[in-house]
Amino acid sequence: GQQLNQSPQSMFIQEGEDVSMNCTSSSIFNTWLWYKQDPGEGPVLLIALYKAGELTSNGRLTAQFGITRKDSFLNISASIPSDVGIYFCAGLSYNNNDMRFGAGTRLTVKP
Amino acid sequence: DTEVTQTPKHLVMGMTNKKSLKCEQHMGHRAMYWYKQKAKKPPELMFVYSYEKLSINESVPSRFSPECPNSSLLNLHLHALQPEDSALYLCASSQDEGVYVEQYFGPGTRLTVT
């Protein structure tokens, strides 16, 4: 089945720094979603992308749907301590019955 | 309002117990999902209900039995579970089933099987 390769696996950054993470696949996706999950909680939807090349912002977050439909990235600008958590990319395509998740990027922000 | 609620928050059960997890949404969504999530792993799909009918069963063991009493409610009945079934169980919903929809997750039920 279609696999999503998410990187990096973990990041340790200083408060105020910008962060970038991405997901790639060998197959095409029709929708890319980015979620953040805090320990013991459910994933919270951050950004949804539906069109190739689409660039969408949500506050300090910016995500893009790759032009080839095989990748997406998420940027966080001016990180703050509450950005700590695990970020998952997820993709939907006509080839699958279900939403595929990346393995997650664990973000640690040092004050 | 994009809220999906789940009860209980935590559940500890023995291998011979029968228990149920509950999920509720009032967003008018017609697709609802059960996921299982082990520590440090992404969620894994278990079941999908679309318009109150079971649409997808990802080869889940029969000791997990889903039920969708109406379009707002989703239950997961548990019976004779194993310790390896301990995990965070997540419910999600979306407007419809398809590729151009956003899934919204509940807070999860932390299940421990002893």
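Provided above is the structure to which this section pertains.
Residues numbered from 1 in each chain as written. Chains lettered and ligands numbered in written order. Predicted model: local features only at pLDDT ≥ 70, side-chain atom pairs only at ≥ 80, totals over all residues. Heavy atoms only, no water.

Caption draft 1: Molecular detail of empty space enclosed by the protein. All names here are of chain B. Within this structure, the stated rule accounts for two cavities of 30 Å³ or more. Taken as a whole, the second largest cavity encloses approximately 40 Å³ of empty space. Forming the boundary of the second largest cavity are His 29, Arg 30, Ala 31, Met 32, Tyr 49, Tyr 51, Glu 52, Cys 68 and Ser 71. Class assignment of the residues belonging to the lining of the second largest cavity gives a composition of five nonpolar, two polar and two charged. (1 Å grid on protein atoms, 1.4 Å probe; cavity = no way out; pocket = protein on both sides within 12 Å on 5 of 7 lines; lining within 4 Å. Points joined across faces, edges and corners; volume = space filled by probe spheres on them. Nonpolar A, V, L, I, M, F, W, Y, C, P; charged D, E, K, R; others polar.)

Caption draft 2: Expanded view of the side chain of Gln25(B). Residues and elements named next belong to chain B. Note on placement: Gln 25 falls in strand 3 (residues 18-25). At 2.9 Å, the side chain of Gln 25 and the backbone nitrogen of Met 27 are in polar contact. Of the polar contacts made by the side chain of Gln 25, one reaches the backbone nitrogen of Gly 28; its length is 3.4 Å. If near-sequence neighbours (up to four positions away) are discounted, Gln 25 is found in contact with Glu 3, Val 4, Met 32, Ser 71, Ser 72 and Ser 93. (Helix = DSSP H or I, 4+ residues; strand = E, 2+ residues; numbered from the N terminus. Polar contact = N/O pair within 3.5 Å; in protein donor to acceptor, adjacent residues only side chain to side chain. Contact = heavy atoms within 4.5 Å.)

Caption draft 3: Geometry of the state of the cysteines. Using the criterion set out here, one finds two disulfides over all chains in the structure. Note that Cys23(A) is cross-linked by a disulfide to Cys89(A), the S-S spacing being 1.7 Å. Since a negative S-S torsion denotes a left-handed disulfide, the Cys23(A)-Cys89(A) link at about -75° is left-handed. Taken together, the positions of Cys23(A) in strand 3 (residues 19-24) and Cys89(A) in strand 9 (residues 85-92) put the pair 66 residues apart, joining distant regions of the chain. Cys89(A) sits in the buried class, given a relative accessible area of 0%. What pairs with Cys23(B) in a disulfide is Cys91(B), and their sulfur atoms sit 1.9 Å apart. The disulfide joining Cys23(B) to Cys91(B) has a torsion of about -70° about its S-S bond and is therefore left-handed. (Disulfide = S-S within 2.5 Å. Buried < 20%, exposed > 50% of the residue type's maximum accessible area, 1.4 Å probe, protein only.)

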